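Structural description and commentary
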Amino acid sequence: MNGIRTMGRASAPRGVTVSVAGAHGADVARARDLTRAFCDGLDLPRDAEDALLLVVSELVTNALRHGGGSYVLRLTATPEAMVVEVDDGESRPPRPREPDVLRGGGFGWHLVTSLATGGVSVLPRGDGKTVRAAFLRETGVPRAA
């Protein structure tokens, strides 16, 4: 799969899960490649695939920058939803920052929470946390007003 080292593929309840780990900036592109390959078999509308790709990019980038320098990405698809989960080594939850157009930054968490139609949760683990973003299939992605 495009040079992706898949960590595992396991059955989820009525679905499928794939995962990949990373610890370098180049691994963000690998996470996006895995996401594209994963979406290929899901018959998603283009805007839903784009939303998944953006959320994966934001969460794995944040894990590398602020979460201890490595991540494990899991993607799960069931008939009801697609779920993105990113584990990192930092126990503190993400905190929204004020977006700064001049210096850049502060947009990612706002994007993640607005695109995840099934909600976002942060689950503490003994060695860090898991950030989970869900995308409900029946509602797709938010539409512009």
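Preceding this section is the structure that the text describes.
Rules used throughout
Residues numbered from 1 in each chain as written. Predicted model: local features only at pLDDT ≥ 70, side-chain atom pairs only at ≥ 80, totals over all residues. Heavy atoms only, no water. Helix = DSSP H or I, 4+ residues; strand = E, 2+ residues; numbered from the N terminus. Buried < 20%, exposed > 50% of the residue type's maximum accessible area, 1.4 Å probe, protein only. Contact = heavy atoms within 4.5 Å. Areas by Shrake-Rupley, 256 points an atom, 1.4 Å probe, with all protein chains shown as cover. Salt bridge = Lys/Arg side-chain N within 4 Å of Asp/Glu carboxyl O. Pairing = 2+ DSSP bridges. Expected span 1.5 Å × (residues − 1).

Within the protein chain one finds three helices and six strands. Order of helices (α) and strands (β) in the protein chain, N terminus to C terminus: β-β-α-α-β-β-α-β-β. Evaluated residue by residue, the protein chain yields a buried proportion of 43% over its 145 residues. Sequence-distant contacts, at least 24 apart, represent 56% of the contacts inside the protein chain between residues at least 6 apart. Accessible area of the protein chain: about 7900 Å², with a carbon and sulfur share of 53%.

With that settled, the discussion passes to the pattern of salt bridges. Where charged atoms from two side chains of opposite charge approach closely, those side chains can pair. Tallied over the full model, the rule gives 10 salt bridges. We note a salt bridge from R30 to D27, for which the minimum N-O separation is 2.8 Å. Taken together, the positions of R30 and D27, both in helix 1 (residues 26-40) and three residues apart, correspond to about one turn of that helix. Assessed through its relative accessible area of 8%, D27 is described here as buried. A salt bridge links R125 to D87; the nearest nitrogen and oxygen atoms lie 3.9 Å apart. Note that R125 is positioned in strand 5 (residues 119-125) and D87 in strand 4 (residues 81-88), a separation of 38 residues in sequence. When its relative accessible area of 27% is taken as the criterion, R125 is described as partly exposed. Taken together, the salt bridges that share partners define one network made up of R74, E85, D87, R125, D127 and R132.

Attention now moves to the pairing of strand 5. With seven bridges joining them, strand 5 and strand 6 (residues 128-136) adopt antiparallel strand pairing. Bridge assignment links G119 to a residue of strand 6, and that residue is A134. Hairpin geometry of strand 5 and strand 6 is characterised by an intervening segment of two residues between the two adjacent antiparallel strands.

Bringing helix 2 (residues 46-66) into the picture now. The end-to-end C-alpha distance of helix 2 is 30 Å, a good match for the 30 Å that 21 residues give at a rise of 1.5 Å each. G68, located one to two residues past helix 2, shows a positive phi value of around 100 degrees.

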